[in-house]
Amino acid sequence: MSDSAAVHPPRFLTNPTRFLFFTGKGGVGKTSIACATALSLADSGKSVLLVSTDPASNLDEILDVPLGNLPVTVSGAARLSVLNIDPTIAAESYRARVLTQMGPDASEQDRSLVREQLSGACTTEIAAFDEFVGRLTDDDGAYDHIVFDTAPTGHTLRLLSLPKAWSGFLKDNDQGASCLGPHSGLKMHEARFKAAMAALCDPAATTIIVVTRPEVSAIAEAARTSAELRALGLGNQHLAVNGVFRAGDRSDATAMSLEVQGQVALAGMPSSLRALPRDDILLRPFEMMGLGALRSLLGPGPEPAALRPDPLATPFADDLPALDRLIDSLAVDGRGLIMVMGKGGVGKTTIAAAIALGLVERGHTVHLSTTDPAAHLAMTVAGVVAGLRVDRIDPKAETERYIAKIMAQRGPTLDAQGQALLREDLASPCTEEIAVFHAFSRIVAEARSAFVVLDTAPTGHTLLLMDETGAYHRQMTRQTASQQLGGRIITPLMRLQDPDYTRVLLVTLAETTPVSQASALQDDLRRAHIEPYAWIINKSLLAAGTRDELLQQRLLGEQKQIDRVRGAMAMRLFFLPWQANAPVGLAALQELAHHRFHAPSIA
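Residues numbered from 1 in each chain as written. Predicted model: local features only at pLDDT ≥ 70, side-chain atom pairs only at ≥ 80, totals over all residues. Heavy atoms only, no water.

Undergrad: I'd like to hear about the packing of helix α20 (residues 512–527) against helix α21 (residues 549–568), residue by residue, with values.
TA: Helices that pack against each other are described as a pair by the angle of their axes relative to one another and the distance between those axes. Packing of α20 against α21 brings their axes to within 10 Å, and their N-to-C directions diverge by 15°. Taken together, the axes of α20 and α21 are roughly parallel relative to one another. Note that α20 runs across α21; the crossing there is right-handed. In this structure, α20 uses Thr512, Val515 and Ser516 to contact α21, whose residues at the interface are Gln561, Arg564 and Val565. Within the contact of α20 with α21, the residues separate by chemical class into two nonpolar, three polar and one charged. (Axes fitted to C-alpha atoms, helices over the stretch in contact; angles between N-to-C directions. Helix = DSSP H or I, 4+ residues; strand = E, 2+ residues; numbered from the N terminus. Parallel < 35°, antiparallel > 145°, perpendicular 65-115°, else oblique. Left-handed = near helix turned anticlockwise from the far one by under 90°. Contact = heavy atoms within 4.5 Å. Nonpolar A, V, L, I, M, F, W, Y, C, P; charged D, E, K, R; others polar.)

Dropping the structure here:
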């Protein structure tokens, strides 16, 4: 057990390495701890660059500074600069560099072909990673420390595996092209990727801080992340347990349940995590917004002023609509696609599983699946129910299926050399992105005749999948027009845009950052002409009736955010209460789907 306290600097800030890399499951507090770390180093007199690699980053909201692909100084912290690697801008820059590499002799037809090849989500992903690599390899020493705040683990692990995948693909393969451009042009990136991985694997240069919470699912994810990072050669790891709660009122049942839940989760921590240096960071009564809150997270800085009840706040209805009412409304159509979306760590997987079981109880057959690389559906359901099929889009299996399909379609028309070249092209890591999209499209189509409940990846990764869906729609539309094909095509994007076919549910916590990110996701969906059906506020403390002073403060913050959502964001709003025990397994999920609760007054 760690004996570190929240008011003492964590051990990863004792003789810190130049690069500090924060990773972990969505919603565990990576961004807060990364920001607090960067601010602490800057306050100590070091020049610091804080870099976010998360497509759905909220650094701008936390630090109150406009973000872009170039560093900006944080007001109130003169030695701290921050940037957010914007995937769209990175992809545009990447395309321009690849086209420049083609030289003046390249024909316009060749350039047009490369532009088309560089239009997919895989290009966006590798371009963002290329920007990240540049901070590790092209740095001129302007900063004493560079702190990386990464996307949720599934996406981060995918990015970190790319250098190894591309090194193998590019070896003895400088012919042809892929969705990253001409292979000969990609050779220049191989050395940079290797240098980046060397820096990440060097314990004298980099510390990998795996962030988790005192929750069973988060700790399991941290153990998996730690093992996969170690397999990539990143063994220089440190564990940070964020949000450790200690009850202030030992007679308060809710507070004691929350404390015991955390203790039980930490007691069951795998030995691989126990072997890591560890710091525990206490749960605070305030949200990590602004420099004052961040300075008090890892050190003895003054805490923000306590909240007071707002006499003008909208009173809550006595009966808050819970998940059972939502399931009733979804069940009416008898079929359809239900997509559960939101920031990492808000409970999408649990809610998707509970909705699927609720639909089965109402007499429907349901396919429950996930697009999340860090899928936990099977572990959450933990059982078998007639009428419910549970699986996930497995990138490796889908890639093998896609390669076999393409070889079967095109291989017979090629000679041995042509087949060998086709196999080489299909060995590209980009093939995985295409294969996953095709699997997603198949699942979307299933909802024509049955219910499909889809648990999506955290927001940033989901938006990349939506981009791929839009790119495919545009490609099919152009192809249909150019070939003057009769009939009407129906693309996956068109199905997502159809409110009679698809119901999008946005899941959030009643906290500033998750609500802001759900609102931004809603804006992105609306730009794609997809209208969310409902919002779900998960893990609400409103029903707890706690007397604990810290939890009372968090309740006041929760009420403020619920008013914000009800006032201007959600067409329909449903609630799920905080649970003393994690809702894992069939019985717990079925109880969650049936639950109704009442909102008490807040003292």
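Now that the structure has been shown, we can carry on.
Undergrad: A description of helix α12 (residues 323–331) should follow, citing residues and the corresponding values.
TA: Of all the positions in α12, only Leu323, Asp324, Leu326, Ile327, Leu330 and Ala331 are classed as buried. Considered in projection along α12, the buried side chains sweep an arc of 160° and stay on one side of the axis. (Buried < 20%, exposed > 50% of the residue type's maximum accessible area, 1.4 Å probe, protein only. Arc of directions from axis to C-beta.)

Undergrad: A description of the packing of aromatic side chains should follow, citing residues and the corresponding values.
TA: Throughout the structure, instances matching the rule amount to three aromatic pairs. Where phenylalanine 19 meets phenylalanine 148, the ring centres are 6.4 Å apart and the plane angle is 40°; that geometry is what we call tilted. Placement of the pair is phenylalanine 19 in strand β1 (residues 19–24) and phenylalanine 148 in strand β5 (residues 145–149), with a sequence separation of 129 residues. Note on accessibility: phenylalanine 19 and phenylalanine 148 belong to one class, buried. Taking 6.2 Å as the distance between ring centres and 45° as the angle between the ring planes, the aromatic pair formed by phenylalanine 21 and phenylalanine 148 counts as tilted. A residue pair is termed long-range when its members are at least 10 positions apart, and phenylalanine 21 in strand β1 and phenylalanine 148 in strand β5 qualify at 127 residues. By relative accessible area, which is 2% here, phenylalanine 21 ends up buried. Pairwise contacts between aromatic rings join Phe19, Phe21 and Phe148 into one cluster. We note arginine 572 situated over the ring of tyrosine 533; from NZ or CZ to the ring centre the distance is 4.0 Å. (Phe/Tyr/Trp six-rings, centres within 6.5 Å; stacked < 30°, edge-to-face > 60°. Lys NZ or Arg CZ within 6 Å of the ring centre and 35° of its normal.)

Undergrad: Would you mind going over the pairing of strand β4 (residues 77–84) in detail, with residue names and values included?
TA: Taking burial as the measure, the eight residues of β4 include six buried ones, the bulk of the element. Taken together, the five bridges between strand β2 (residues 48–52) and β4 define a ladder with parallel strand orientation. Pairing of valine 51 across the sheet is with leucine 83, part of β4. Two elements, strand β3 (residues 72–74) and β4, share three bridges in a ladder whose sense is antiparallel. (Pairing = 2+ DSSP bridges.)

Undergrad: Explain helix α1 (residues 30–43) residue by residue, including any values.
TA: Along an α-helix, a turn takes 3.6 residues, which lines up residues three or four apart on a common side. Over its 14 residues, α1 runs 20 Å from end to end, which matches the ideal 20 Å to within 8%, given 1.5 Å per residue. For α1, a buried count of twelve out of 14 residues is recorded, marking the element as mostly surrounded by other parts of the structure. Within the span of α1, buried status applies to Lys30, Thr31, Ser32, Ile33, Ala34, Cys35, Ala36, Thr37, Ala38, Leu39, Leu41 and Ala42. Once α1 finishes, glycine 45 follows within two positions and takes phi at roughly 105°, a positive value. (Expected span 1.5 Å × (residues − 1).)

Undergrad: Residues and numbers for unusual backbone geometry, please.
TA: Phi at histidine 529 is positive, roughly 65°, even though this residue is not glycine. In this fold, histidine 529 is placed in the loop between α20 and β17 (534–540). If you check the backbone angles, lysine 539 has positive phi at about 55° while not being a glycine. Tracing the chain through its elements places lysine 539 in strand β17. When its relative accessible area of 34% is taken as the criterion, lysine 539 is described as partly exposed.

Undergrad: Just give me the short version of the sheet that holds strand β10 (residues 278–282), but keep the residues and values in it.
TA: Backbone-to-backbone hydrogen bonds join strands into a sheet, with any given pair of strands oriented parallel or antiparallel. Read across the sheet, eight strands follow the order β3-β4-β2-β5-β1-β8-β9-β10 without closing on themselves; strand pairing throughout is mixed. What marks the edges here is a single partner per strand, and that holds for β3 and β10. Geometrically, the sheet is characterised by an average inter-axis angle of 25° between neighbouring strands, direction not taken into account. Across six bridges, β1 lies against strand β8 (residues 206–212) in parallel orientation. Counted as the bridge partner of glycine 24 is valine 211 from β8. On top of the sheet, α1 reaches β1, β2, β4, β5, β8, β9 (237–244) and β10; it is set at about 165° to β1, its chief contact.

Undergrad: How would you explain the nonpolar core if you had to name every residue and give the values?
TA: Nonpolar side chains in soluble globular proteins tend to be buried together. The biggest cluster of nonpolar side chains holds 44 residues, and the ones touching the most others in it are Phe245, Leu337, Met339, Phe440 and Trp535. Core analysis: the second largest hydrophobic core is formed by 36 residues, Leu13, Ala34, Leu63 and Val147 among them. (Core = buried A, V, L, I, M, F, W, Y, C linked by side-chain atoms within 4.5 Å.)

Undergrad: Please give an account of the environment of glycine 292 that cites residues and values.
TA: Checked against the element boundaries, glycine 292 lands in helix α11 (residues 291–297). Classification of glycine 292 as partly exposed rests on a relative accessible area of 39%. Between the alpha carbons of glycine 292 and glycine 76 there is a distance of 10.0 Å; along the sequence they are 216 residues apart.

Undergrad: Got a sec to walk through the pattern of salt bridges? Specific residues and values, please.
TA: Under the definition given, this model contains 18 salt bridges. Note that arginine 295 and aspartate 43 form a salt bridge whose closest N and O atoms lie 2.7 Å from each other. Placement of arginine 295 in helix α11 and of aspartate 43 in helix α1 is noted, with a sequence separation of 252 residues between them. Salt bridges here are not isolated pairs; linked through shared partners, they connect Glu221, Arg224 and Glu228. (Salt bridge = Lys/Arg side-chain N within 4 Å of Asp/Glu carboxyl O.)

Undergrad: A description of the confidence of the model for the protein should follow, citing residues and the corresponding values.
TA: Chain-level statistics for the protein give a pLDDT mean of 78 and a share of 74% at 70 or above. Within the model, pLDDT remains below 50 along residues 1–6, and this stretch shows 16 contacts once partners closer than five positions in the same chain are excluded. Low confidence marks residues 598–603, where pLDDT is under 50. Its contacts with residues over four positions away, or in another chain, come to 18 contacts. (pLDDT = per-residue confidence, 0-100.)

Undergrad: Run through the sheet that holds β17, naming residues and quoting values.
TA: Ordered in space as β14-β13-β15-β12-β16-β17-β18, the seven strands form an open sheet in which the pairing is parallel. Every interior strand has two partners, whereas the edge strands, β14 (388–390) and β18 (573–577), have only one. Neighbour-to-neighbour, the strand axes of this sheet turn through a mean angle of 20°, independent of strand direction. Of the pairings in the sheet, the one linking strand β12 (residues 336–341) to strand β16 (residues 502–509) comprises five bridges and is parallel in character. The partner of methionine 339 across the bridge, within β16, is valine 504.

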